[in-house]
Amino acid sequence: MSQLPPGQRVVSAIDDPTLRINALTHMIDRACVGRCYSYANYEPSTAQFRIRAVAENPIVVSTYRDSSNLQDGSYVVRQSDLPLYQVVIDTAGHMGIRMLTAGAQSGLTNRKVW
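Remember, predicted model here, so these are calculated numbers, not experimental data.

Thresholds applied
- Residues numbered from 1 in each chain as written.
- Predicted model: local features only at pLDDT ≥ 70, side-chain atom pairs only at ≥ 80, totals over all residues.
- Heavy atoms only, no water.
- Helix = DSSP H or I, 4+ residues; strand = E, 2+ residues; numbered from the N terminus.
- Polar contact = N/O pair within 3.5 Å; in protein donor to acceptor, adjacent residues only side chain to side chain.
- Contact = heavy atoms within 4.5 Å.
- Pairing = 2+ DSSP bridges.
- Axes fitted to C-alpha atoms, helices over the stretch in contact; angles between N-to-C directions.
- Disulfide = S-S within 2.5 Å.
- Buried < 20%, exposed > 50% of the residue type's maximum accessible area, 1.4 Å probe, protein only.

## Topic: the side chain of Arg-9
Its location among the elements puts Arg-9 in strand S1 (residues 8–12). A polar atom in the side chain of Arg-9 sits 2.8 Å from the backbone oxygen of Pro-58. A polar side-chain atom of Arg-9 sits 3.4 Å from the main-chain carbonyl oxygen of Pro-83. Apart from the residues within four sequence positions on either side, Arg-9 is in contact with Tyr-37, Tyr-39, Pro-58, Ser-80, Asp-81, Leu-82, Pro-83, Leu-84 and Tyr-85.

Next comes the structure, spelled out in structure tokens:
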């Protein structure tokens, strides 16, 4: 995250199907503190926490459906989401960051790859 300009939107594309609950999804929440925005964070869209998203905004998706789709890799990126960065793992197991484009599906890096 340190190579990104401050205040960017970031999502994780890392999945480990061997885990009952994918703890890797929340890795972004911690890594972004003070640096970037965890754009797929589900908490604001559920209205069950102090910070709530009730409308589209530049910090976090405003619906739980969008959050869930970003977390499972099925989200189709909108022009209004840009710039949006995604943490991925390559076939050698190295983490990297890629910029998503409007119209593209967010996708997921499955543990089988690494």
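On we go.
## Observations concerning the sheet that holds S1
With respect to topology, 4 strands assemble into an open sheet ordered S3-S1-S4-S5, the strand pairing being mixed. Each edge of the open sheet carries a strand with a single partner, namely strand S3 (36–38) and strand S5 (95–99). Sheet twist, expressed as the mean angle between neighbouring strand axes with direction ignored, is 35 degrees. In this structure, S1 lies alongside strand S4 (residues 84–89), joined through 4 bridges in parallel fashion. Looking at the pairing, Arg-9 lines up with Leu-84 of S4.

## Some remarks on the environment of His-94
One can find His-94 in the loop between S4 and S5. Taking the C-alpha atoms as reference points, His-94 and Ser-80, separated by 14 residues in sequence, lie 29 Å from one another. Residues within four places of His-94 in sequence aside, it is in contact with Val-88 and Ile-89.

## Topic: the state of the cysteines
For the structure on display, the rule yields 1 disulfide. Each sulfur in the disulfide pair Cys-32 and Cys-36 lies 2.1 Å from the other. On the sign convention where negative is left-handed, the bridge of Cys-32 and Cys-36, at about -95 degrees about the S-S bond, is left-handed. We classify Cys-32 as buried; its relative accessible area is 2%.

## Some words on the environment of Leu-108
Structurally, the position occupied by Leu-108 is in the loop between S5 and strand S6 (109–110). In this structure the C-alpha to C-alpha distance between Leu-108 and Ile-89, which are 19 residues apart in sequence, comes to 9.3 Å. Those residues within four positions of Leu-108 in sequence are excluded, and the remaining contacts are Ala-13, Ile-14, Asp-15, Gln-71, Asp-72 and Gly-73.

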